[in-house]
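So you can see what is in the structure, the chains are spelled out below.
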Amino acid sequence: MMRNATILSACLSIACAVQSAENLNDALKAAGDGLNAPDGFKVSLIASDPLVFNPAAMCVAPDGRIFVAEDFVHAHVKDRKTDTIKVLIGAEKGGRATGSIILAEDLGSVQGMTFYDGRLFIAHTPYISMLPVGENNKAGEMVHLFNGVGIPTAAKASHCASGMTVHEGKLYFVFGDQGCDFMTREGRQMTLDSGAILRCDPDGRNVEVYASGFRNIYGVAFDGLGNAFVRDNTNDGGGYNVRSYHVIKGGYYGWPFRWRDADGATPPIDVLSMSRDNGGGSPTGCVFLNSLAYPPPYRGSVIFCEWGRGMMIRATPVPKDATFDLPEVPFITESKGAKEYTFRPTTIAIAPDQSLIIADWASSSLYPTTGRGRIFRVTYEGARPEQTAPLPAV
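Residues numbered from 1 in each chain as written. Predicted model: local features only at pLDDT ≥ 70, side-chain atom pairs only at ≥ 80, totals over all residues. Heavy atoms only, no water.

A. Highlighting the overall build of the protein. Along the backbone of the protein there are two helices and 31 strands. Expressed as a percentage of its 394 residues, the buried residues of the protein come to 55%. A fraction of 54% describes how many contacts in the protein between residues 6 or more apart in sequence connect residues 24 or more apart. Here the protein has roughly 16,300 Å² of accessible surface; of this, 51% comes from carbon and sulfur atoms. (Helix = DSSP H or I, 4+ residues; strand = E, 2+ residues; numbered from the N terminus. Buried < 20%, exposed > 50% of the residue type's maximum accessible area, 1.4 Å probe, protein only. Contact = heavy atoms within 4.5 Å. Areas by Shrake-Rupley, 256 points an atom, 1.4 Å probe, with all protein chains shown as cover.)

Here is the structure:
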């Protein structure tokens, strides 16, 4: 299925690039860094409003380009009915953004993106789409791989299509308990009434359910051995507790039967257990740190965005029977006394230099947002054990 989104060429779609360097620096200074990180880590602000607003989805290309989706639909912004995707200019090699180029407009609620093989994959309810983007930042024609992920309309698109990643050549995308109902490219009907992780070939063929029974997951992270990890936001009737999971392919994780009154209904299949109940919160994007650029205990950990509690969380998988426990500790938190901007991390990506790129709604109110936005880069500059350990005696 194909539909023409409003695609503007690079030469006609420079947004905010007309701002002077002085104005951009003033905006960055006003936004402030305002975040606390563990010893050895440096947090740098690389973009803020008015260059980016409400960044709900973000990804990084192999050449360092940062793609950002500005979400006005899900953020309930008055008089804005569609979302925009842009690429930041000037931040490719670790610097601060000096402008942006609009790649697509008039989109439904964009809550997930990933870049793979010259193509930007986009989750914007009710579509999963692919947009070719050249090295010159000119976009081609948008192709809809699937139509029917989440609710039929993008208005207030909660619990719909969101996080995306590519792992071992497969495109993974997730959605919440609005479910899905779409025709596959081979002509099969794919219908689910819970949140799930689906995967397919990058051309949309061979789509299959990887795991289901979630309420509102926003992303999935894979370690170097292919183990998958998520955090879900459930509803017990008395609170929205966050459960973390080591996800098994083919597993069913219980929503809605385990977490609320389902009128005595019996789950359709056996329900797999969570790794841990983490109390209240609202999880969003996640990545797994496999790189030697990070020392233990950071290497070998999942980094989760915790939008509801305004922080980043680190969880190091600990083997437990045939699965993993996922004990959590704070990773990046907001500095005391922050005033204009409130840390609301929505998603995270790993840049080619192994730095972490974090998108932040930066809004003191959850809905509607206050029209802010920030993009941070987190780098590790501390000592590594392999650099400082003495040589063994001969």
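B. Quick peek at the sheet that holds strand β31 (residues 374-380). What the four strands build is an open sheet, ordered β3-β31-β30-β29; its pairing is antiparallel. The sheet terminates laterally at β3 (41-48) and β29 (345-350), the two strands that pair on one side only. The mean inter-strand angle of the sheet, taken between neighbouring strand axes irrespective of direction, is 25°. Pairing of β29 with strand β30 (residues 356-360), which is carried by five bridges, proceeds in the antiparallel orientation. Paired with I348 across the strands is I358, a residue of β30. (Pairing = 2+ DSSP bridges. Axes fitted to C-alpha atoms, helices over the stretch in contact; angles between N-to-C directions.)

C. Broad picture of the confidence of the model for the protein. Averaged over every residue, the pLDDT of the protein is 84; residues scoring 70 or more account for 79%. At the low end of the mean pLDDT range in the protein sits strand β1 (residues 14-15), at 38; at the high end sits strand β18 (residues 221-222), at 98. (pLDDT = per-residue confidence, 0-100.)

D. Local environment of the packing of aromatic side chains. Scanning the model with the defined rule gives 18 aromatic pairs in all. Ring geometry for W307 and W361: centres 5.5 Å apart, planes at 75°, overall edge-to-face. With W307 in the loop between β24 (301-306) and β25 (311-315) and W361 in the loop between β30 and β31, this residue pair connects regions lying 54 residues apart in the sequence. W361 shares its class with W307; the two are buried. (Phe/Tyr/Trp six-rings, centres within 6.5 Å; stacked < 30°, edge-to-face > 60°.)

E. Just the pattern of salt bridges, in detail. Scanning the entire structure with this criterion turns up 13 salt bridges. One salt bridge connects D117 with R119, and the closest N-O pair in it is separated by 3.3 Å. In this structure D117 comes out as exposed when scored by relative accessible area, which is 59%. R119 sits in the buried class, given a relative accessible area of 18%. The partner of R199 in a salt bridge is E208, with the nearest N and O atoms 2.6 Å apart. Exposure remark for E208: the relative accessible area of 26% places this residue in the partly exposed category. Within the structure, one salt-bridge network assembled from shared partners comprises R199, E208 and K249. (Salt bridge = Lys/Arg side-chain N within 4 Å of Asp/Glu carboxyl O.)

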